[in-house]
Every structure is written in structure tokens, then in C-alpha cells.
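Fold and contact review
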Amino acid sequence: MSEQTYKSTDGSCIISQQVIATIACNAALEVDGVASMAQRPMNLRGMVQSADMRSVAVTSNANETVLDVYVHPKMDAHIPTMAEAIQTAVKTAVQSMAGSPVTKVNVHVARALAEPQTTEQQAE
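The structure presented is a predicted model; accordingly, all values stated were derived computationally and were not measured.

**Describing the pairing of strand 6 (residues 102–109)**
Of the strand pairs in this sheet, strand 5 (residues 65–73) and strand 6 are connected by seven bridges, and their pairing is parallel. Residue pairing across strands places Asp68 opposite Asn106, the latter belonging to strand 6. The β-α-β motif built from strand 5, the intervening helix 3 (residues 79–98) and the parallel element strand 6 has right-handed crossover chirality.

**As for the environment of Gln18**
Structurally, Gln18 can be placed in helix 1 (residues 17–29). Linking Gln18 and Met53, residues 35 residues apart in sequence, is a C-alpha distance of 6.1 Å.

**Description of the packing of helix 1 against helix 3**
Here helix 1 crosses helix 3 at 140 degrees, and the two axes come no closer than 8 Å. Regarding the angle of helix 1 to helix 3, the classification is oblique. Helix 3 is crossed by helix 1, and the crossing has right-handed handedness. In this structure, helix 1 uses Ile20, Ile23, Ala24, Ala27 and Ala28 to contact helix 3, whose residues at the interface are Ile86, Ala89, Val90, Ala93, Val94, Met97 and Ala98. When its residues are assigned to classes, the contact of helix 1 with helix 3 shows twelve nonpolar, no polar and no charged.

The rules behind these values
- Residues numbered from 1 in each chain as written.
- Predicted model: local features only at pLDDT ≥ 70, side-chain atom pairs only at ≥ 80, totals over all residues.
- Heavy atoms only, no water.
- Pairing = 2+ DSSP bridges.
- Helix = DSSP H or I, 4+ residues; strand = E, 2+ residues; numbered from the N terminus.
- Right-handed = clockwise from strand over helix to strand, strands pointing away.
- Axes fitted to C-alpha atoms, helices over the stretch in contact; angles between N-to-C directions.
- Parallel < 35°, antiparallel > 145°, perpendicular 65-115°, else oblique.
- Left-handed = near helix turned anticlockwise from the far one by under 90°.
- Contact = heavy atoms within 4.5 Å.
- Nonpolar A, V, L, I, M, F, W, Y, C, P; charged D, E, K, R; others polar.

Structure follows, in C-alpha cells:
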């Protein structure tokens, strides 16, 4: 897993991709129209990742961060408006909390849900 390192004269700060994914998940869940986070396509490594890493793919290097966020919209959500709000919320949250410049937030919309899923339903 790639990590971002920030160095100063006093030492360094290492921010893991899991932290960035958690920030992105929390920001996306606060957007109107989002019912829950969706599971992204998995590889073998993805089977042992945290729930946040299953819903957000983080691609980063020293200069940029690209996030792929997977969501289930509510049945009555206007998807283009919701997706734009997710992009803004996620970018703002990650940049302000992690200090990592976000260049893209790609929103992947899965099936619409009538009600938010519980954690147990998401795990299935």
C-alpha cells in the first residue's frame, strides 16, 4: 500500500491510503442522495481490506491523488447533482484533513437503493 510522506525539519508525517479512503468515505456519506457506499471491483488483495478501502480506490504519488469513489444513490436522488456534490465534498475533505492535493474524484454509481443499507447488508 502506498503512503504519502510529508517531511519538515521536525520530522515526517506518513498518511496511509486507508486514512485517505476513510476521509473520502465519510465525506461522501454526508452528501444528500447517497444511501451507502458501494463495493468496488475486487482483486485478491481487496478481500482483506477495510470497508473504506473497498469503497474508495486511492491512487497517489507525491504530486497528486486520484480517488475513485463507489456509491449507492437513494432511489429519488438526482445523480448528476449528487455526483458533483460528492466530488466537491471529497476533494475538500481530503485536501483539508490530509493536506494531499486531489486532482480527480471519479464517482462510480452502483444500483439505486430505496433505503440505506446496514453494515451487515453491505458485507454480503
